[in-house]
Amino acid sequence: MKKGIPSNVKGVDVSLAYNCIYISTLEAIQCIDLITEKLLWEKQYEGGVDRISISPDGKIIYAPSLEKEFWNVLDAKTGDVIKKIVTNSGPTTPFTGPMAISFTWRVLNRPCSM
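Because the structure is predicted, anything quoted here is derived from the model rather than measured.

(A) Summary view of the pattern of salt bridges. All told, the structure shown has four salt bridges when counted by the stated rule. For Asp80, the salt bridge identified is with Lys43, shortest N-O distance 2.6 Å. Taken together, the residues Asp80 in the loop between strand E7 (70-75) and strand E8 (81-86) and Lys43 in strand E4 (residues 39-44) connect sequence positions 37 residues apart. One connected set of salt bridges, linked through shared partners, spans Lys10, Asp50 and Arg51.

What follows is the structure in structure tokens.
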């Protein structure tokens, strides 16, 4: 990332709850306000970032690391890491929908594996 411009985009997702679009690149995620078109935050994550997905309520981002064995679960409003999920397998594209609600509850309510 250089001066707010994404490089090598991996994924894009939207949160209607926060009126934001999220752009993942090899190393970071940007959050852009859909109304003002201003960059709200841009953060780099350990292990890089693959294709992201957002929870049905628009408040949680699932960010698989880039070719690593873990995912970061992020607060969509701030970009802060809520939890790290160690999968012990390669990257996988995250999912949303009814299945994700159950998955989110189970992940956030089990001991952290950081």
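(B) Region of the structure containing the nonpolar core. Ranked by size, the top nonpolar core spans 13 residues in total, and within it Tyr22, Ile29, Trp41, Ile52, Ile61 and Ala63 carry the most contacts. Those elements giving two or more residues to this core turn out to be strand E2 (20-25), strand E3 (28-33) and strand E6 (60-64). Residues Ile60, Tyr62, Val73 and Ile85 belong to the second largest nonpolar core, which totals five residues.

(C) Up close: the environment of Ile21. By the secondary structure assignment, Ile21 is in strand E2. Put simply, Ile21 and Leu39 are 18 residues apart on the chain and 9.7 Å apart in space, counted from C-alpha to C-alpha. Sequence-distant contacts of Ile21, that is, excluding residues within four places in its chain, are made with Val12, Asp13, Val14, Gln30, Cys31, Ile32 and Leu34.

(D) Spatial organisation of the pairing of E8. Across five bridges, E7 lies against E8 in antiparallel orientation. Directly across from Val73, in E8, lies its bridge partner Lys83. Counted along the chain from E7 to the antiparallel partner E8, the turn is five residues long, and its residue Gly79 has a positive phi close to 85°.

The rules behind these values
- Residues numbered from 1 in each chain as written.
- Predicted model: local features only at pLDDT ≥ 70, side-chain atom pairs only at ≥ 80, totals over all residues.
- Heavy atoms only, no water.
- Salt bridge = Lys/Arg side-chain N within 4 Å of Asp/Glu carboxyl O.
- Helix = DSSP H or I, 4+ residues; strand = E, 2+ residues; numbered from the N terminus.
- Core = buried A, V, L, I, M, F, W, Y, C linked by side-chain atoms within 4.5 Å.
- Buried < 20%, exposed > 50% of the residue type's maximum accessible area, 1.4 Å probe, protein only.
- Contact = heavy atoms within 4.5 Å.
- Pairing = 2+ DSSP bridges.

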